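Residue-level listing of the chains:
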Amino acid sequence: MRNLKLFERFKSTQIHAFTSSQDSPSTSTNGSSSSPRMNFLRHPKPTSKSFSRSLLPHGFPTTDLLEPPLDSYLKPIDLVESLSNLYRRIESSSESETSMLYLEQYTVLRSLGDAKLLRRCLLNARRHAVDVPCKVVLSAWLRFERREHELVGVESMDCNGFAIECPKSSLSRGCDLNLVNEHCKCCEEEEIKVSRADEFSGLDEESDFSFCVGLEKAKCVRSRIASLSRPFEAMLYGSFVESRASEIDFSENGISVEAMVALNIYSRLKRVDLFRVETVFELLGLATKFCCDDLKSACESRLASSITDLDKALTFVDYALEERAELLLSACLQVFMRELPQSLYSSKVMRLFCSSEAKEGLSFLGSECLFMLYYFLSQVGMEERLSAEAMLVLLERTREFARANWQKAVALHQMGCVLFERKDYKAAQFHFRLASSLGHVYSLAGVSRTEYKQGKSHSAFKLMNYLISKHKPRGWMYQERSLYNVGDDEKLKDLATATELDPTLTFPYKYRAVMKFERKQVKEAFEEVDRLIQFKLTPDCLELRAWLFLAVGDKESCLRDIRAVLTLEPKYVVFGGRMRGDLVEALTAQCSEVDCWVKLYDRWSAVDDVGSLGVVHQMLQNDPSKNFLRFRQSLLLLRLNCQGAAMRCLRMAWNLAASEAERLVYEGWLLYDMSYVDEALTKAEKAISIQRSFEAFFLKAYVLAEKNLDPDESSYVAQVLEEALKCPSDGLRKGQALNNLGSIYIDCSMLDQAETAYKNALEIKHTRAHQGLARVYFLKNQRKEACEEMTKLINKAFSKAAAYEKRSEYCEREKAKEDLDMATTLDPLRTYPYRYRAAVLMDDQRETEAVEELSKAIAFRPELQTLHLRAAFHEATGKLSLAAQDCEAALCLDPNHTETLHLYSRSKDQASSIDNTIAGLD
């Protein structure tokens, strides 16, 4: 077999971004972004007190009460196979099917928690939507995912500037494939104002008959009225007596003379925007009665454009339902959905969505649109923790309008989750069983849990045993079975297997930590929860560590973790609402600004992101007006892979901006997060034109660097950063700018200048600059110095996983392997070490082991580069069908990835050639 030399190829293709991964204010999908790492802290030695449960703080978690939550989203038993299947179906789908397939993709990918990936699924679903009600739902869904309702000064019906999300464009019929990055022109359009006198002049002269309403007459032109519809044509030119009459009595039709005058004007001008809303309503009824399709469409459009708030929508919706006016109803629904989540708390809105009468009235929209509508409403309701009764109605509607198995499965599974939380275990079990019968294997975890809750532990244990024996084992299976094991040893064994198969599961770490603490193994308990927090930061895990700190009397560390919890989720009820009075007092106590800055510099230079979060939270509590700290907060949160919390910080900064220039900067960062790079750059330049500031220049430099510039253009980015450094700022921000400046100098092959920039950053304690300086030494062929520089970073930093990973690039193969093994130990979610080890194994012609190494990572994190590499390995070993499957799964994540597209095409061509050869032999 030919020697692939994948090891050398793999190392040579590593891309060094504009900033080091440590300073990037956006998460990376290639596994090389900075991840949280809390060193095994020097925890206080336990006092001589016995740690019996009676002496633990009130409400302290115990192993008897701990259990993992049931995930409410779909979890395919084989995600790669599901993604592969989805990609093939999307590629071969018709126009009418594509939108719903992208919504299915959104549902399948929710388990990965990648907000940008999910947004792209929704954008694609919106692009391919054909029906107006579907467009309205998906546009509102995109708005909700961005949490625009949290922005001060942004109204629910405002257009954000992009046509694909504009509420007006959502009401237009047809597919919008070309609207992804197109700017909306609705704000630039000027209304054409026409003088009513000019419009009416001369109409009397051309009239040849009149409609009479009581004693009043509306003079009309027979040919023009007849052209509106077949019924009017038959009336005015057929065998009816009206065809010969100069006056036609319309008094019995329940319509005003004003409406008949409007009908005449419409027949002349084809416009209804000249009339009052009440008149347009009458025209709509007339259009429906006499089958005037164009008039009906024009009236609906006019009325739809006038529905701009909740009160108007509630006023018009009954009429829209009664007249089965799709566009008008869509406009009403759009307001309700763009007002989410607030509209869920309106009894009138909920009556519309939940009543049986509304169900019948909405039915003419079609099952596909109604499934989308109720699926969206139920997802918002679950996030808002709506009452169980309302949730069950919304989910039942979702199920009723579901047609595909995945649609029914997600509705039934979520109904099971809601009923389980309500402790209605029999009903929950029934719904979980129905979901599992539709192919959703994970719902059997719900079945076993409900069995367990009803005292049937053995039955639950047998069910999980069956799952493990029938399917390829997954981490959640062993986690679930651990609940039903009798002995501690068996529980721990299952939990260890669960962690090995899927390190993203938090329950095993939490259970082991509490168990060890109960056994008075205090140091080991802290180490267990630290292992988790160093790569997956969640409020419940930080809360557990805060409990442990409180139990050993370390109040300062406890407060730090509580502040970090409240940064992640401001409404989180810490300790179940039973926080001690002295902790509450300490949390609200003021701290001097000087002390806070000293603490922040100390934590920042130690690469202690959780500690930095705690200090920043305290500083903002002291003075909420310091908005620049919120950007610092968002940067920390992105490093810790907490994207949702980071975006919340930026939205809060937007809301509290003291000037237009400041608001533009935060708006730019939010646009950048939505992948609107050019628009973010425009905001930065506009902010600079108003007021030169560090933040504006930094944003401009960062956005420019994302545009894959050539060396000449990169030198311009360096100039922008130099301008940023001239603006007033603190040492933390200047250190970051210097670090980024060094990276740009490297791109421009200006290694001496890069070295100077990194050293200047280190002088002001920007510890992460060690990584950039190591890169400079490596490019100068000073490999030993590069390795030593990374060792300095490892020795200083709390978060070490990224440093070990980076140092591996400068070491010999054996030492590199040791560093990457350590990186995996500290942060098992980083995928680069798996790819490196697999490349080494493949280079040594140990193909099976190489594929197994990649499969470990893919099992819990199927990201693009890992799937691509495994596909290449499959191709090299002649397993072309598996290569194609991995390519399809990778392309489902990024359909434009050039290398994967080439590999996919090549593997299919080879497979086709083999098939033709075999057919020829036959």
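Cut-offs applied
- Residues numbered from 1 in each chain as written.
- Predicted model: local features only at pLDDT ≥ 70, side-chain atom pairs only at ≥ 80, totals over all residues.
- Heavy atoms only, no water.
- Helix = DSSP H or I, 4+ residues; strand = E, 2+ residues; numbered from the N terminus.
- Buried < 20%, exposed > 50% of the residue type's maximum accessible area, 1.4 Å probe, protein only.
- Contact = heavy atoms within 4.5 Å.
- Polar contact = N/O pair within 3.5 Å; in protein donor to acceptor, adjacent residues only side chain to side chain.
- Pairing = 2+ DSSP bridges.
- Axes fitted to C-alpha atoms, helices over the stretch in contact; angles between N-to-C directions.
- Phe/Tyr/Trp six-rings, centres within 6.5 Å; stacked < 30°, edge-to-face > 60°.
- UniProt positions renumbered as here; feature names shortened; annotations may be inferred.
- Expected span 1.5 Å × (residues − 1).
- Parallel < 35°, antiparallel > 145°, perpendicular 65-115°, else oblique.
- Nonpolar A, V, L, I, M, F, W, Y, C, P; charged D, E, K, R; others polar.
- Disulfide = S-S within 2.5 Å.
- pLDDT = per-residue confidence, 0-100.

Draft legend 1. Summary view of the overall build of the protein. Assigned secondary structure in the protein consists of 48 helices and three strands. Across the 922 residues of the protein, 56% fall into the buried class. Across the protein, contacts joining residues at least 24 apart in sequence account for 62% of those joining residues at least 6 apart.

Draft legend 2. Layout of the side chain of Arg147. Secondary-structure assignment places Arg147 in the loop between α5 (132-146) and α6 (196-200). What makes Arg147 buried here is its relative accessible area of 18%. Among the polar contacts made by the side chain of Arg147, one reaches the main-chain carbonyl oxygen of Phe144 at a distance of 2.8 Å. A polar side-chain atom of Arg147 sits 2.5 Å from a polar atom in the side chain of Glu383. Contacts of Arg147, omitting those with residues within four sequence positions, involve Glu383 and Arg651.

Draft legend 3. Summary view of the sheet that holds strand β3 (residues 247-249). As summarised here, the arrangement of the three strands in space is β2-β1-β3, forming an open sheet in which the pairing is mixed. Only two strands of the sheet have a single neighbouring strand rather than two, namely β2 (216-220) and β3. Geometrically, the sheet is characterised by an average inter-axis angle of 30° between neighbouring strands, direction not taken into account. Looking at chain direction, strand β1 (residues 209-213) and β3 are connected through three bridges and run parallel. Note that in β3 the partner of Phe211 across the bridge is Ile248. Sheet strands touched by helix α10 (residues 257-269): β1 and β2. Its angle to β2, the strand with the most contacts, is close to 10°.

Draft legend 4. Focus on the packing of aromatic side chains. In the structure shown here, the tally under the stated rule is 38 aromatic pairs. Between the aromatic rings of Tyr442 and Trp476, the centroid separation amounts to 5.0 Å while the plane-to-plane angle is 85°, which identifies the pairing as edge-to-face. Taken as a pair, Tyr442 in the loop between α20 (425-437) and α21 (443-453) and Trp476 in helix α23 (residues 475-482) lie far apart in primary sequence, 34 residues in all. Taken as a pair, Tyr442 and Trp476 share a single burial class, namely buried. Of the aromatic side chains, those joined through ring pairs into one cluster are Tyr106, Trp141, Phe144, Phe371, Tyr375, Phe376 and Trp406.

Draft legend 5. View of the UniProt feature "repeat: TPR" (unreviewed entry) in the protein. This chain's UniProt record puts "repeat: TPR" (unreviewed entry) on residues 735-768. Between the first and last C-alpha atoms of residues 735-768 the distance is 9 Å; the span itself is 76% helix and 0% strand.

Draft legend 6. Highlighting the pairing of β2. Relative to β2, β1 is paired through five bridges, and the arrangement is antiparallel. From the neighbouring strand, Val213 faces β2, where its bridge partner is Glu216. Here β1 folds back onto β2, and the loop between the two strands holds two residues, one of which, Gly214, carries a positive phi near 65°.

Draft legend 7. Layout of the side chain of Thr567. With respect to the helices and strands, Thr567 occurs in helix α28 (residues 555-568). Of the residues examined, Thr567 reaches a relative accessible area of 4% and is grouped as buried. Setting aside its immediate chain neighbours within four residues, Thr567 contacts Leu613, His617, Gln633, Leu637, Ala645 and Arg648.

Draft legend 8. Summary view of the pairing of β1. Most of β1 is tucked away: five of the five residues are buried. Burial along β1 is two-sided: Phe209, Phe211 and Val213 and Ser210 and Cys212, pointing in opposite directions, are all buried.

Draft legend 9. Local environment of unusual backbone geometry. A cis amide bond, omega 5°, links Leu340 with the succeeding residue Pro341. By secondary structure assignment, the location of Pro341 is in the loop between α14 (326-338) and α15 (347-354). Phi at Ser749 takes a positive value of approximately 60°, unusual for a residue other than glycine. Relative to the assigned elements, Ser749 resides in the loop between α38 (731-747) and α39 (751-763). Here the phi dihedral of Asn781 falls at roughly 65°; this positive angle occurs in a residue that is not glycine. Within the fold, Asn781 resides in the loop between α40 (769-779) and α41 (783-796).

Draft legend 10. Molecular detail of helix α46 (residues 864-876). Its 13 residues give α46 an end-to-end C-alpha distance of 18 Å, which sits within 8% of 18 Å, the value for a rise of 1.5 Å per residue. Among the 13 residues of α46, 10 are classified as buried, and the element is accordingly described as predominantly covered. Among all positions in α46, only Leu864, Thr866, Leu867, His868, Leu869, Arg870, Ala871, Phe873, His874 and Glu875 are buried. One or two residues past the end of α46 sits Gly878, with phi positive at roughly 80°.

Draft legend 11. Expanded view of the environment of Met391. Counting through the fold element by element, Met391 comes out in helix α18 (residues 388-401). Of the residues examined, Met391 reaches a relative accessible area of 2% and is grouped as buried. For the pair Met391 and Leu377, spaced 14 residues apart in sequence, the C-alpha separation works out to 9.0 Å. When near neighbours in sequence (up to four residues on either side) are disregarded, Met391 contacts Ser378, Gly381, Met382, Leu386 and Val418.

Draft legend 12. Highlighting the environment of Tyr702. Summarising the element assignment, Tyr702 is placed in helix α36 (residues 694-705). Here the alpha-carbon distance between Tyr702 and Tyr672, two residues 30 residues apart in the chain, equals 9.8 Å.

Draft legend 13. Broad picture of the packing of helix α11 (residues 277-289) against helix α13 (residues 310-323). Across the interface, α11 lies against α13 with an axial gap of 12 Å and an inter-helix angle of 10°. With respect to α13, the element α11 is oriented roughly parallel. Between α11, through Val277, Phe281, Leu284, Gly285 and Thr288, and α13, the contact on the second element is made entirely by Phe316, Tyr319 and Glu323. Split by residue class, the contact of α11 with α13 holds five nonpolar, two polar and one charged.

Draft legend 14. Just helix α19 (residues 405-421), in detail. With 17 residues, α19 extends 24 Å between its outermost C-alpha atoms, agreeing within 8% with the 24 Å of an ideal straight helix rising 1.5 Å per residue. For α19, the tally of buried residues reaches 14 of 17 residues, placing the bulk of the element in the interior. A positive backbone phi angle near 65° is found at Lys423, which sits one or two residues after α19.

Draft legend 15. Summary view of the state of the cysteines. Taken as a whole, this structure holds zero disulfides when the rule is applied. The thiol of Cys596 is unpaired, and the distance to the nearest cysteine sulfur, on Cys591, comes to 3.5 Å. In this structure Cys596 comes out as buried when scored by relative accessible area, which is 1%. Free of any disulfide, Cys811 has its nearest neighbouring cysteine sulfur in Cys787, separated by 3.6 Å.

Draft legend 16. Just the confidence of the model for the protein, in detail. Within the protein, residue pLDDT values average 88, and 90% of them lie at 70 or more. Segment residues 1-55: pLDDT under 50, and 160 contacts once partners within four positions in sequence are set aside and those in other chains are kept. Scored below 50 in pLDDT, residues 189-203 shows 13 contacts in the model against residues more than four places distant or in partner chains.

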